[in-house]
Amino acid sequence: MIAPLRLLPDRLAARFSLLLVAAVLGMNLIAAILLAREGSSFDRAIRLQGDTQRLMALVSALESADAATARLLPRRSSTGFTRFSVDAAPVDPGDSHRLPAEEAVLAAHLPAHDIQIREGGAPIGAARGAPLMTVSVRLKAGHYRGDWLNTLAYPLPTTRAWAVKSGLFVPLGASLVGTLLVGLWFIRRMTHPLQSLAQVARAAGRGDRAARAAETGASELREAAVAFNDMQRRIAGLEAERMRMLAALGHDLRTPITSLRLRAELLEDDDQRDDMIRILDDMAVMAEGLLQAATTGAATEPRQVTDLDRLLSRLCAEQGVPYRGPGPVPVRLRPVAISRAVCNLVGNALRYAGNARVTLAMGKAGEAVIRVEDD
């Protein structure tokens, strides 16, 4: 079977991180798109700042130059994206509007001059589209005294405009990296209690009832840790009570088993006496196992080499079920424990299926295989 394609990471911290990265990148992408589309006011400010020095120098030159030189200056000063001309009136493209804020900025550099700055409007001339803005300054002296120096600033091409705008993306990228680093650090801090709780839960699954989860983090995580610790305390209490009960049972069974063994030794029938003594010895081992389990947490019946075929044959004869084995099979095992296991399986088969049969065989790797079957 082909496993389904996993689109999301498996760990919770990784999913939170992916969500944060996607959200921050999405917001920055939207900001970049808006910045790229906005353009007009930003481009105006950039063009006005870049052309101010040239415009001031041209105004000063026109007001002080002779007539011949003054006629050449506007054409010589024009560029591919800025066109100068001297006219009797300021340029007023249709559908344009004045920009008082920009006029005040330029008036600080050219005091006592009449200034008009307009945005956009209809195209001027056939060769170009609509200008980004027009700047008109009234000359106070020189050959063109009283005329207007008109500046038509056309939009820069995308390649040149973005070379100027790219500087704005540096703080945008820095904020993106900083936000991601801080967010990832917080996510790691937030999910750390979950990792700690998982480690403590695994320790508890191995039987460590002293393991406790740190009650830190968000309120939901603290509540989960408190509930887990309370569960650990309750389970520890139940196990302690169970151990006390096992210890009491093991201790109380010793006296009657010893008494019955003394009585069994007085029987005259050798077969009955031996069977009863063997059964009582097994019961004594079980009682000792209860005491050991209550004190150390594990039964301590010693392993010993036992003929498994003979053991199973005797157990099946006592239960009245058929048995088939390969002959002597010496195995190092706990005889009382294996007897209890087989007797429980045979008893269940007789109780719920009405019959049972037991076989012993040797596996390919030399292991002994016991089969308890029914119909």
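Residues numbered from 1 in each chain as written. Predicted model: local features only at pLDDT ≥ 70, side-chain atom pairs only at ≥ 80, totals over all residues. Heavy atoms only, no water.

## Thoughts on the sheet that holds strand E7 (residues 323–324)
What counts, and what does not: Two strands are counted as paired when DSSP detects at least two bridges linking them. Strands here are runs of E lasting at least two residues and helices are runs of H or I lasting at least four, both read from the DSSP assignment and numbered beginning at the N terminus.
Pairing is mixed in the open sheet, where three strands are placed in the order E7-E9-E10. Two strands bound the open sheet, and with one partner strand each, they are E7 and strand E10 (368–373). As paired elements, E7 and strand E9 (residues 357–362) share two bridges and run parallel to each other. The residue bridging Arg324 from the neighbouring strand is Thr359, located in E9.

## Some points on the pairing of strand E3 (residues 115–119)
Put simply, the rule reads: Each residue's exposure class comes from its accessible area (1.4 Å probe, protein chains only) as a fraction of the maximum for that residue type: buried when under 20%, exposed when over 50%, partly exposed otherwise.
Where burial is concerned, most of E3 is hidden: five out of the five residues are buried. Where burial is concerned, the two faces of E3 agree: the one with Ile115, Ile117 and Glu119 and the one with Gln116 and Arg118 are both buried. Note that E3 and strand E4 (residues 133–138) share five bridges and pair antiparallel. Counterpart to Arg118 in the pairing with E4 is Thr134.

## Re helix H4 (residues 100–109)
Here is the rule we go by: Regarding the arc, it is the one traced by the directions from the helix axis to the C-beta atoms.
When we look at burial in H4, the residues that qualify are Glu102, Glu103 and Leu106. Angularly, the buried residues of H4 cover 100 degrees about the axis, an arc narrow enough to put them on a single face. Opposite the buried face of H4, by more than 90 degrees, sit the exposed residues Pro100, Ala101 and Ala108.

## Notes on the pattern of salt bridges
What counts here: Salt-bridge detection follows one rule: a side-chain nitrogen of Lys or Arg within 4 Å of a carboxyl oxygen of Asp or Glu.
Overall, the coordinates contain seven salt bridges when judged by the stated rule. Residue Arg118 is joined to Asp92 by a salt bridge in which the shortest nitrogen-to-oxygen separation is 3.5 Å. A residue pair is termed long-range when its members are at least 10 positions apart, and Arg118 in strand E3 and Asp92 in the loop between strand E1 (82–87) and strand E2 (97–98) qualify at 26 residues. Arg118 gets classed as buried once you look at its relative accessible area, which sits at 13%. For the salt bridge of Asp375 with Arg357, the shortest nitrogen-to-oxygen distance reads 3.2 Å. Note that Asp375 is positioned in the segment after E10 and Arg357 in strand E9, a separation of 18 residues in sequence.

## Brief notes about the nonpolar core
Counted only if it meets this: To form a nonpolar core, buried Ala, Val, Leu, Ile, Met, Phe, Trp, Tyr and Cys residues must be joined to one another through side-chain atoms within 4.5 Å. Two residues qualify as a contact provided that any one of their heavy atoms is within 4.5 Å of a heavy atom in the partner residue.
Core analysis: the largest hydrophobic core is formed by 22 residues, its most contacted members being Leu55, Leu62, Leu106, Ile117, Val137 and Leu149. Put simply, the parts of the chain that give this core at least two residues each are helix H2 (40–64), helix H3 (67–77), E1, E3, E4 and strand E5 (148–153). Of all the elements, H2 adds the most residues to this core, at five residues. Residue contacts for Leu106: discarding those within four places in its chain leaves Thr52, Leu55, Ile115, Ile117, Val135 and Val137. Core analysis: the second largest hydrophobic core is formed by 14 residues, Leu315, Val329, Ala349 and Val358 among them.

## Concerning the sheet that holds E3
For sheets, the rule is that strands pair by backbone hydrogen bonds, running either parallel or antiparallel. Our working definition: Axes, fitted as lines to C-alpha atoms, cover a helix only where it is in contact. Angles between the N-to-C directions of the axes lie from 0 to 180 degrees.
The five strands lie next to each other as E1-E5-E4-E3-E2, forming an open sheet whose pairing is antiparallel. Sheet topology places E1 and E2 at the edges, where each strand pairs with a single neighbour. Pairing between E1 and E5: six bridges, direction antiparallel. In the strand pairing of E5, Asp87 is matched with Trp148. Packing against the sheet, H4 makes contact with E2, E3 and E4, and its axis sits at approximately 140 degrees to E3.

## A look at the confidence of the model for the chain
Heads up, the rule is: Confidence of the prediction at every residue is given by pLDDT, a number between 0 and 100.
Here the chain shows a mean pLDDT of 79. Residues at 70 or above account for 81%. E7 holds the highest mean pLDDT among the elements of the chain, 94, whereas helix H5 (residues 158–165) holds the lowest, 52. Within the model, the stretch residues 1–5 combines pLDDT values under 50 with zero contacts to residues more than four positions away or in other chains.

## Topic: the state of the cysteines
Structurally, a disulfide amounts to a covalent bond that connects the sulfur atoms of two cysteines. This is how the line gets drawn: Our working definition of a disulfide is a cysteine sulfur pair at a distance within 2.5 Å.
If you walk through the whole model with that rule in mind, you get zero disulfides. Here Cys316 is not disulfide-linked; the sulfur of Cys343 is the nearest cysteine sulfur, at 8.4 Å. Classification of Cys316 as buried rests on a relative accessible area of 3%. By relative accessible area, which is 23% here, Cys343 ends up partly exposed.

## Here we look at the side chain of Gln232
On the secondary structure map, Gln232 appears in helix H7 (residues 219–264). On the basis of relative accessibility, which here comes to 0%, the residue Gln232 falls in the buried class. Leave out the neighbours within four places in its chain, and Gln232 touches Ala204, Asp208, Arg209, Ala211 and Arg212.

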